[in-house]
Amino acid sequence: MANGPGLSMAKGGEIYVGTEIRDSVSLLNVLYANQFERESSNPEDLKQTEENFYRGAPPTWLNFHISEQAESKGTGTPFIKRDGCTKLVEQINKSRKRPGIHTVKLFHQPGCGGTTLAMQVLWDLRKSFRCAVLTDSTSDITHVAKEVVNLFTAGSRGYQNTVLLLLSSEQILENLQESIMKTIAEQKIKIHMTVAILLSCVRKEEVGESDSVVLKRQLSDTEEEKFNEKREELSRRFSDKYEQFHGFNIMQTNFSQAYVKDACSEFRKANTPLKTQLAAFLSLLNAYVPGSYLLESQCLNFLRHDEDRLEPFSHLIVIFQPDETSERRVAMAHPMIAQACTELMAEAGVTRSGTARNLLTCLCKDEVPPCLIGFVKDMLTKREMKREENPVKSKDSKEEKEMFSRLILDIQKKEEEEAQSASVLEMASEKFQQNPFFPQALARVYYIEVKDYNQAEKWAEEAKKRDPQNSFVADTLGQVHKYHLKKLESGPREILQLATKAIEAFKHEEQLAEKECGPDMKGVGMRKVSHVFNTSGKFGYLQVCYILYDRLVNQNNTWKRVLTKEESTHFVQDFLRENELLGFQDLINSLRDDVERKCAFFDKFLTYSKPDMKKKDVCNMSECYRKYVGDSPPSHIKEKCAGLMQKLKQNLAETSAGVLSCLDREYTKSELKEITTWWEEIYSSKDSLTALTNYILAHIMLLNAEVQFHSKLKYLTAFKRKLPLSPNDTPEAHMLALMLYWPTDSKKKCDFDLSKLVQDMRRSYEQAYETYFRSRYLRPLFFIGKGQDLNRIVHRKVLEGLFLDQEKEEINDKSNWNNEKIFQDPKVQERLLRVEGVIQNYTVYATVGGTEIAVDANLRNSLWKPRSVSFYLGFTIRGPVAFGIQTKAA
């Protein structure tokens, strides 16, 4: 880089940048367009870099440069590109044709060359993109976004070019996209091209079929030919050393277990305790935490500096330095070698649990390097995702977490002693006395596997003590008591005592969850914890109530009338011992009301945002609700409408969310009529905005179910009289107001200030729901269709039904609405009304009577180019949203 680091330009060529640009992208490892050009290197250093890579060290940019130079000079075969390379490049180039920020995903099994492939793609595209690697996916998202924008605009705005960013995390993709767009808008940068393409490269032990690029530990015939050709070159150039190029040879033999077994044969002959122990530590780490390593200084200290060579294992181990500023690192040559060595040690009587304990004893004393703490944490506590395939619908497979980390699972399976996994986690808990995750995992082993609930409670309390404000850590204590309650065979008092402990734990978790803030919310006394709201406390409470109900009712059916509040607790005193309910009356009296409130929360949560709960859990929640609601209203409620509200509760339609989910629950037409009639009667006897809103919404649901119902204009007039609404009124009422009074003709003026109605709805949403729905995809509830009055309000379920006729398969809520494929269906287009608007300053506006009303955009990538547009107007619980945005013909 004789002229300095160069960045590619969209128009071609390069612009040279100084240190100020490099300082502004400190979180990114930038691959410059002219990397290594006009630089001379020591031939021995180049040869050593190649050797390290083929032996199993991670690739460096220099590896690609060396291979490229050898190919151009005709002295070497091309760098091997696995078959996924072409597809990956195609997806990247396709993404570049559209403005905005896009994501391309690569999933790969450990040790199959996934990271090498991703880096190869960046190397090949460095002349046309501004390529970089995110060095730490836990960095502050806002700072990362600013650095991506700095790289995009580097060299002044006339020299912008698309950033191709490689990162190893899926979790931050959506937040990073939002944050980059926000940064662009704040800096008022004018965009004429794709800003960034995020290449997500994620290791997964289990990889299924996907639209993304998937790399497995299996070569195609074409790949085998390439590897065989490269083998001849390497054996010629490196002679005997080639035999120890295990990283390359394992792939060249198509991941042959026989090759790995032969390579690891030295492990059977090992007789040097320190060396064997160190090799065992490395093997365990690398087998269970891909990409892990030990620092060379740690290894030398362990070997007491008098054994600086790891014979006879040296050929199974690689020592590498990722960059000039980093310390040298030591790792096994390949994950398969690490796994084989771990297995060989176990066969020789050196168990996984024993090796883990020795590692904690020998390497985790005094000051432990942060990288090792992270690797040990992942090894002992990180629960991998497992895919549950649906045998009927292949696309309907779901992922859920394993019960424990892979190492803990293997210890339990292969050593067949739960106490061994517990002892490892207990030692880690004592070694790392500030870390809450080791005692949390230990508590889970005790209550799930060992069934020792006292020990489980002890360690769950310890985890809470270490991180008292973390709701996700607090959840474990509630789970301990819940599992114990499931197994408890005892009388009512003991059942109620344990249920009380579980309920108090879950209530405390709820309180913590309410206080936790998302990553973009900062303030005094606020903790930055999670970008999602933790609902486990609320759900755990319902699970405990479900178990409690069954336990008590199974002992005596009279409990039904008490738990549903049809009768007081005195009703069960006759068959209980004296004072058996002493201290539990308040709990028993609170259960029905609390169950109703928490089920109402989940009704909103699952109706207004993308559902992500298992169907079994949703069914159990509904069943719990029905158990406590019973057949009659509580005995102390004497209101005139109590009977009607009881009927609505039994039909799960006593809230606005319940009414709005009637079509999703596939209620019959007669059931919908009854629900509408009950709400009409309630409003007639009690003039409340909620009752009126729910009646009109129920009427709209009826019309969407194609049920003719006598419409009474007086109710719409009554609703109009309540306008304008206050931000303290419910978002559902605000949404109804917007839908009723949004003009069908965009040239016609509205009777109300639409901009104010939209702003008031957003404020209402912020007060009622923003805490719970942060980072969640809000489902569209209604759309403005063709027609008049209530008939023009089209429910989402109706559009999905039209689309299903064409697709013949179940719709995936988020992916379907995110890709907007549904709006390409002629039947859907025929049903909806297109609204005129304009895009400016990265915002879409609906044009109504000459006034521009800001609305949200379903696809933010539609907002990069200022222009006149048309779109379909939908409504989420947050407000109006533009779907299917199209540029208007000039």
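Residues numbered from 1 in each chain as written. Predicted model: local features only at pLDDT ≥ 70, side-chain atom pairs only at ≥ 80, totals over all residues. Heavy atoms only, no water.

> It is not clear to me how the overall build of the chain should be interpreted in this structure. Could you clarify?
A tally of regular secondary structure across the chain gives 37 helices and 20 strands. Over its C-alpha trace the chain gives a radius of gyration of 31 Å, about what one expects of a compact globule, namely 29 Å for 890 residues. Summarising its shape, the C-alpha atoms of the chain cover approximately 95 × 80 × 50 Å along the three principal directions. Sequence separation of at least 24 residues holds for 71% of the intrachain contacts in the chain that already meet a minimum separation of 6. A total of about 40,600 Å² of accessible surface is found on the chain, and carbon and sulfur atoms cover 46% of it. (Helix = DSSP H or I, 4+ residues; strand = E, 2+ residues; numbered from the N terminus. Rg over C-alpha atoms; globule rule 2.2 N^0.38 Å. Contact = heavy atoms within 4.5 Å. Areas by Shrake-Rupley, 256 points an atom, 1.4 Å probe, with all protein chains shown as cover.)

> Help me understand the packing of aromatic side chains, please; the structure alone is not making it clear to me.
Aromatic ring pairs are defined here through the distance separating the ring centres and the angle between the ring planes. Counted under the stated rule, the structure contains 40 aromatic pairs. Considering the side-chain rings of F601 and F602, the 5.2 Å spacing of their centres and the 80° angle between planes classify their relative orientation as edge-to-face. The burial state of F601 is the same as that of F602; both residues are buried. Members of the aromatic cluster, each reached through a chain of ring pairs, are F36, F53, Y54, W61, F64, F79, W123, F227, F238, Y242, F245 and F248. Seen from the ring of F601, K538 lies directly overhead, with NZ or CZ sitting 4.8 Å from the centre. The ring of Y872 is capped by R834, whose NZ or CZ atom sits 4.4 Å from the centre of that ring. (Phe/Tyr/Trp six-rings, centres within 6.5 Å; stacked < 30°, edge-to-face > 60°. Buried < 20%, exposed > 50% of the residue type's maximum accessible area, 1.4 Å probe, protein only. Lys NZ or Arg CZ within 6 Å of the ring centre and 35° of its normal.)

> Please clarify how the sheet that holds strand 7 (residues 194–203) should be interpreted in this entry.
Backbone hydrogen bonds are what pair the strands of a sheet, in a parallel or an antiparallel way. Across the sheet, six strands lie side by side as 3-5-6-7-4-8; this open sheet has mixed pairing. Each having just a single partner strand, strand 3 (28–31) and strand 8 (213–215) make up the two edges of the open sheet. Each neighbouring strand pair of the sheet contributes to a mean axis angle of 20°, computed without reference to strand direction. Relative to strand 7, strand 6 (residues 163–167) is paired through five bridges, and the arrangement is parallel. Residue pairing for strand 7: L165 is matched across the bridge by L198. Relative to strand 7, helix 5 (residues 114–124) is tilted by about 160°, and along the sheet it contacts strand 3, strand 4 (100–108), strand 5 (130–134), strand 6, strand 7 and strand 8. (Pairing = 2+ DSSP bridges. Axes fitted to C-alpha atoms, helices over the stretch in contact; angles between N-to-C directions.)

> What's the story with the side chain of E516 in this structure? I'm lost.
Mapped onto the fold, E516 is located in the loop between helix 22 (492–515) and helix 23 (536–555). On the basis of relative accessibility, which here comes to 4%, the residue E516 falls in the buried class. One polar contact links the side chain of E516 to the main-chain amide nitrogen of S471, over a distance of 2.7 Å. (Polar contact = N/O pair within 3.5 Å; in protein donor to acceptor, adjacent residues only side chain to side chain.)

> Before we go on, may I ask you to explain the environment of S40 in this structure?
Inspection of the secondary structure puts S40 in the loop between strand 3 and helix 2 (43–55). Owing to a relative accessible area of 74%, S40 belongs among the exposed residues under this scheme. Distance from S40 to E209, taken between C-alpha atoms, is 44 Å for residues 169 residues apart in sequence.

> Please clarify how the sheet that holds strand 9 (residues 294–295) should be interpreted in this entry.
In spatial order, the strands read 9-11-10; together these three strands make up an open sheet with antiparallel pairing. The open sheet has two edge strands, strand 9 and strand 10 (317–320), and neither has a second partner. For strand 9 and strand 11 (residues 329–332), the ladder comprises two bridges, and the chain directions are antiparallel. From the neighbouring strand, L295 faces strand 11, where its bridge partner is R329.

> Would you mind showing me how to read the packing of helix 16 (residues 370–381) against helix 19 (residues 437–450) here?
Any two packed helices are characterised by how steeply their axes cross, that is the angle between the axes, and by the distance between the axes. In the contact formed by helix 16 and helix 19, the axes pass within 10 Å of each other and the chain directions differ by 15°. Between helix 16 and helix 19, the angle falls in the class roughly parallel. Of the two possible hands of crossing, helix 16 and helix 19 adopt the one that is left-handed. Between helix 16, through V376, K377, L380 and T381, and helix 19, the contact on the second element is made entirely by F437, F438 and A441. Its residues assigned to classes, the contact of helix 16 with helix 19 comprises five nonpolar, one polar and one charged. (Parallel < 35°, antiparallel > 145°, perpendicular 65-115°, else oblique. Left-handed = near helix turned anticlockwise from the far one by under 90°. Nonpolar A, V, L, I, M, F, W, Y, C, P; charged D, E, K, R; others polar.)

> Whenever I open this one, the pattern of salt bridges confuses me. Can you help?
Between side chains of opposite charge, a pair can form when the charged atoms approach closely. All told, the structure shown has 37 salt bridges when counted by the stated rule. Among the salt bridges present, the one from R860 reaches E178, with a minimum N-O distance of 3.8 Å. You can see R860 sitting in the loop between strand 18 (851–857) and strand 19 (867–876) and its partner E178 sitting in helix 7 (residues 173–186), a full 682 residues away along the chain. Accessibility expressed as a relative area gives 33% for R860, which makes it partly exposed. Judged by relative accessible area, which is 40%, E178 ranks as partly exposed. The salt bridge involving E296 is made with R328; its shortest N-O contact spans 2.8 Å. Of this pair, E296 sits in helix 13 (residues 296–302) while R328 sits in the loop between strand 10 and strand 11, placing them 32 residues apart in sequence. (Salt bridge = Lys/Arg side-chain N within 4 Å of Asp/Glu carboxyl O.)

> Explain a positive patch on the surface to me, please; I cannot follow it from the model alone.
Judged by side-chain charge, K451, K486, K487 and K616 come together as a positively charged surface patch. Tracing the backbone shows K487 in helix 21 (residues 471–487). Given a relative accessible area of 52%, K487 falls into the exposed group. (Patch = residues over 30% accessible without salt bridge, like charges linked within 9 Å, V, L, I, M, F, W, Y side chains within 5 Å. Lys, Arg positive; Asp, Glu negative; His and termini not counted. Charge placed at Lys NZ, Arg CZ, Asp CG, Glu CD.)

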